Amino acid sequence: AHHNVLERVIASHNAEVAIGLVGPASEDNLLIGVSVLGNLSGLEIEEASANVVMNTVVTQNQYGVQLFGTAEDNVLHGVAVTDNGTGVYAEASTSANLIGGRVVLANDDDCIVEAPGALAMDPASCAPTDADAELVRAELPSSTWVGEADWLETSTISEWHLVPPH
C-alpha cells in the first residue's frame, strides 16, 4: 500500500490483525476516521514509514497500536486508544514516530516504549512529549466509536504540518 487513503472504515473482530501497514512499500498512507475494535491486534505499523493516522479510535483489542521493525516517521494524531490490553507499543528498533493532537488513553497497560527515540511518548508516564499534544486519561463511551462525520478535504494535507520530529 503506497499513497492510499483509508477513510471512515470499521475494522472489527478480525482473527489476527485489524489493519496492518507492513513493509517498506507501505508508506505515505493516510488513515482518517477509522474505528478498530475487538481484534487480537488493532493497528500494526511494521517496517513502514511516513504514514499518518488521524481521528481514529482503537478499542477493545488485545494490543491497540504496535510499531515494529524499522517503522519510522509515522504520525498518530488525534487518536483514542482505550480499553485495550496494551494501548501503544513501540519496539526499540523503531524511530522518530510522533503521537500528537488530543490523545485519549485508558488501557490495562497504556504504553510500552522500548527506546527513547522510538515514539514521542514518555515511557514511564505514557504522556506524549510533543508540546502541542493533549493527553486525556478517560474511557471512551461506546456510543462514540463509530458515527457520522463531516467530509474532510485531504488535498491540502501537505499544508497540515504533520511531520514527525527528525
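Residues numbered from 1 in each chain as written. Predicted model: local features only at pLDDT ≥ 70, side-chain atom pairs only at ≥ 80, totals over all residues. Heavy atoms only, no water.

**Q** Describe the packing of aromatic side chains, with residues and values.
**A** Per the counting criterion, the structure on display carries 1 aromatic pair. Each ring, one from phenylalanine 68 and one from tyrosine 89, has its centre 5.7 Å from the other, and the planes form 55 degrees; the classification is tilted. Residue phenylalanine 68 is located in strand β8 (residues 63-68), and its partner tyrosine 89 is located in strand β10 (residues 86-90); the two are separated by 21 residues in the primary sequence. Overall, tyrosine 89 belongs to the buried group, its relative accessible area being 15%. (Phe/Tyr/Trp six-rings, centres within 6.5 Å; stacked < 30°, edge-to-face > 60°. Helix = DSSP H or I, 4+ residues; strand = E, 2+ residues; numbered from the N terminus. Buried < 20%, exposed > 50% of the residue type's maximum accessible area, 1.4 Å probe, protein only.)

**Q** Please set out the pairing of strand β9 (residues 75-82) residue by residue, giving values where relevant.
**A** Across the 8 residues of β9, 7 count as buried, placing the element largely inside the fold. Inspection of the sheet shows strand β7 (residues 52-59) paired to β9 by 7 bridges, in the parallel sense. Bridge pairing in β9 links threonine 59 to threonine 82. The sheet contact formed by β9 and strand β11 (residues 98-100) spans 3 bridges and is parallel. Residue pairing for β11: leucine 76 is matched across the bridge by isoleucine 99. Looking at chain direction, β9 and strand β12 (residues 102-106) are connected through 3 bridges and run parallel. Paired with threonine 82 across the bridge in β12 is alanine 106. (Pairing = 2+ DSSP bridges.)

**Q** Could you give an account of the environment of glycine 42, naming the residues involved and the relevant values?
**A** In this fold, glycine 42 is placed in strand β6 (residues 41-46). Through-space distance from the C-alpha of glycine 42 to that of glutamate 16 is 8.5 Å; in sequence the pair is 26 residues apart. Not counting the four nearest positions on each side in its chain, glycine 42 is found in contact with Ala18, Ile19, Val36, Val58, Asn61, Tyr63 and Gly64. (Contact = heavy atoms within 4.5 Å.)

**Q** Help me get a handle on the sheet that holds strand β3 (residues 17-22), residues and values and all.
**A** Pairing is parallel in the open sheet, where 5 strands are placed in the order β3-β6-β8-β10-β13. A strand with exactly one partner marks an edge of an open sheet, and here the two such strands are β3 and β13 (109-113). Strand-to-strand twist across the sheet, computed as the mean angle between neighbouring axes with direction ignored, equals 5 degrees. Where β6 meets β8, 5 bridges bridge the pair, whose relative direction is parallel. When the bridges of β8 are listed, leucine 43 appears paired with valine 65. (Axes fitted to C-alpha atoms, helices over the stretch in contact; angles between N-to-C directions.)

**Q** Residues and numbers for the pattern of salt bridges, please.
**A** In this structure the tally under the stated criterion is 3 salt bridges. A salt bridge links arginine 102 to glutamate 134; the shortest N-O distance between them is 3.1 Å. Of this pair, arginine 102 sits in strand β12 while glutamate 134 sits in strand β14 (residues 134-136), and the two are 32 residues apart along the sequence. Note that arginine 137 and aspartate 110 form a salt bridge whose closest N and O atoms lie 2.4 Å from each other. One end of the pair, arginine 137, is in the segment after β14; the other, aspartate 110, is in strand β13, with 27 residues separating them in the sequence. You can call aspartate 110 buried: its relative accessible area is 13%. (Salt bridge = Lys/Arg side-chain N within 4 Å of Asp/Glu carboxyl O.)

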